[in-house]
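Architecture at a glance
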Amino acid sequence: MAGVARKVELYNLAFELAWKHISEDQKRKQPNIARLLDDSIRRQLNEGATEPVFIASEALKDVDAAP
């Protein structure tokens, strides 16, 4: 149970960190940006990532690479 709680905590921290670095203009241009962040963060957590700053950074890279 503690593992699930930790993943939820990491997810929330990473999402919040990444979201702060996305401009309002980018949010308008990519209306699915929240979903892209979600997918990237969940993938990383499933792969064993444990550092929210690095997870957020990688998620932002994934969003930038999305068409």
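Here the focus is the environment of Gly48. If you trace the backbone, Gly48 turns up in the loop between α3 (33-46) and α4 (52-65). Under the relative-accessibility criterion, Gly48 is labelled partly exposed at 48%. Separated by 38 residues in sequence, Gly48 and Leu10 have C-alpha atoms that sit 11 Å apart.

Once that is clear, we can look at the packing of aromatic side chains. Throughout the structure, instances matching the rule amount to 2 aromatic pairs. Centre to centre, the rings of Tyr11 and Phe15 are 6.0 Å apart; their planes meet at 25°, and the pair counts as stacked. Here Tyr11 pairs with Phe15, and both are found in helix α1 (residues 2-20), just 4 residues apart, close to one helical turn. The class for Tyr11 is buried, based on a relative accessible area of 19%. The interplanar angle of 15° and the centroid separation of 5.7 Å between the aromatic rings of Phe15 and Trp19 together place this pair among those described as stacked. Placement of the pair is Phe15 and Trp19 together in helix α1, with a separation of 4 residues, close to one helical turn. Taken together, the aromatic side chains of Tyr11, Phe15 and Trp19 make up a single cluster linked through ring pairs. A cation over a ring is seen here: Arg42 above Tyr11, with NZ or CZ 5.6 Å from the ring centre.

What counts, and at which threshold
Residues numbered from 1 in each chain as written. Predicted model: local features only at pLDDT ≥ 70, side-chain atom pairs only at ≥ 80, totals over all residues. Heavy atoms only, no water. Helix = DSSP H or I, 4+ residues; strand = E, 2+ residues; numbered from the N terminus. Buried < 20%, exposed > 50% of the residue type's maximum accessible area, 1.4 Å probe, protein only. Phe/Tyr/Trp six-rings, centres within 6.5 Å; stacked < 30°, edge-to-face > 60°. Lys NZ or Arg CZ within 6 Å of the ring centre and 35° of its normal.

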